[in-house]
Amino acid sequence: MVVVLALATQVQSQEAPAPVLTLDQDRFFLQSDFGRAAIEREQAETAALEQENNRIEAELVAEEQALTDQRGALSSADFSARAAAFDDKVERIRAEQDAKARSIVEKRDVERQEFLRLAAPVLGELLSERKAAAILDKGLVIVSLSAVDITDEAIAKLNAALVAPAPAP
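Residues numbered from 1 in each chain as written. Predicted model: local features only at pLDDT ≥ 70, side-chain atom pairs only at ≥ 80, totals over all residues. Heavy atoms only, no water.

Colleague: Describe the packing of helix α4 (residues 76-129) against helix α5 (residues 151-162), with residues and values.
Modeller: Contact geometry of α4 with α5 gives a least axis separation of 10 Å together with a crossing angle of 120 degrees. Taken together, the axis directions place α4 and α5 in an arrangement best described as oblique. Here α4 and α5 pass one another in a crossing that is right-handed. Here Phe115, Leu118, Ala119, Val122, Leu123, Glu125, Leu126 and Glu129 of α4 lie close against α5, whose contacting residues are Glu153, Ala154, Lys157, Leu158, Ala161 and Leu162. Split into classes, the residues belonging to the contact of α4 with α5 amount to 10 nonpolar, no polar and four charged. (Axes fitted to C-alpha atoms, helices over the stretch in contact; angles between N-to-C directions. Helix = DSSP H or I, 4+ residues; strand = E, 2+ residues; numbered from the N terminus. Parallel < 35°, antiparallel > 145°, perpendicular 65-115°, else oblique. Left-handed = near helix turned anticlockwise from the far one by under 90°. Contact = heavy atoms within 4.5 Å. Nonpolar A, V, L, I, M, F, W, Y, C, P; charged D, E, K, R; others polar.)

Here it is in structure tokens:
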């Protein structure tokens, strides 16, 4: 046990570059300025969709109740036609709202891909600076030295790289 600790201490104290680096991909995205803005947009769109769904649900409940109230005054054929039209309307609205929810998820996926595209040069720069051969997802690594985790440095460099000057008029 003492030999293992001595070797680990020796490895940590050496100034040799780490051949493999680790990165917490989720934290890299979530704590970057880009990721935070993307999450805020997604949350705002989701909240707006939920409000819209609640409003639509209330309208449909009222419409269904009105149809139920009219049942006694309508012929069987007329009531059946109106009930079928109402069911079709509900199914159409459900499909539209589901499409909006899928669109939010698709937009999140596109933004995550754009983030990775923008992050690639920054990660490449870190790889070069550290003279490393690879960057692995931290979640895939069982044991590593904290010195090989570049997540904080990657976040800082990416945020700095993505701060673009205002375009000239």
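Colleague: Residue-level account of empty space enclosed by the protein, with values.
Modeller: Applying the stated criterion across every chain yields a total of one cavity of 30 Å³ or more. In this structure, the largest cavity encloses a volume near 30 Å³. Residue lining of the largest cavity: Phe29, Ala38, Ile39, Glu42, Arg108 and Glu111, and that is the complete set. At the level of elements, α3 (33-70) and α4 are the ones that each hand at least two residues to the lining of the largest cavity. If one sorts the elements of the lining of the largest cavity by residue count, α3 sits on top with three residues. Of the residues belonging to the lining of the largest cavity, the class tally is three nonpolar, no polar and three charged. (1 Å grid on protein atoms, 1.4 Å probe; cavity = no way out; pocket = protein on both sides within 12 Å on 5 of 7 lines; lining within 4 Å. Points joined across faces, edges and corners; volume = space filled by probe spheres on them.)

Colleague: Help me get a handle on α3, residues and values and all.
Modeller: Over its 38 residues, α3 extends 55 Å from the first C-alpha to the last, a length consistent with the 56 Å expected when each residue adds 1.5 Å. Considered for burial, the residues of α3 that qualify are Phe34, Gly35, Ala38, Glu42, Leu49, Ile56, Leu60 and Leu67. Summarising the contacts, the buried residues of α3 are in contact with α2 (25-30), α4 and α5. (Expected span 1.5 Å × (residues − 1). Buried < 20%, exposed > 50% of the residue type's maximum accessible area, 1.4 Å probe, protein only.)

Colleague: Tell me about the packing of α3 against α4, residues and numbers included.
Modeller: For any two helices packed against each other, one specifies the inter-axial angle together with the distance between the axes. Running from N to C, α3 and α4 cross one another at 175 degrees; their axes reach a closest spacing of 11 Å. Classified by the interaxial angle, the pair formed by α3 and α4 is roughly antiparallel. The residue makeup of the contact of α3 with α4, split by class, is 15 nonpolar, four polar and 13 charged.

Colleague: Can you lay out the packing of aromatic side chains for me, pointing to particular residues and giving the numbers?
Modeller: One pass over the structure, following the stated rule, counts three aromatic pairs. Centre to centre, the rings of Phe29 and Phe115 are 5.0 Å apart; their planes meet at 80 degrees, and the pair counts as edge-to-face. Residue Phe29 is found in helix α2, and its partner Phe115 is found in helix α4; the two are separated by 86 residues along the sequence. For the pair Phe29 and Phe115, a shared accessibility class is recorded, and that class is buried. A centroid spacing of 5.6 Å and a plane angle of 40 degrees characterise the contact between Phe34 and Phe115, whose relative ring orientation is tilted. Separated by 81 residues along the polypeptide, Phe34 in helix α3 and Phe115 in helix α4 bring together distant segments of the chain. (Phe/Tyr/Trp six-rings, centres within 6.5 Å; stacked < 30°, edge-to-face > 60°.)

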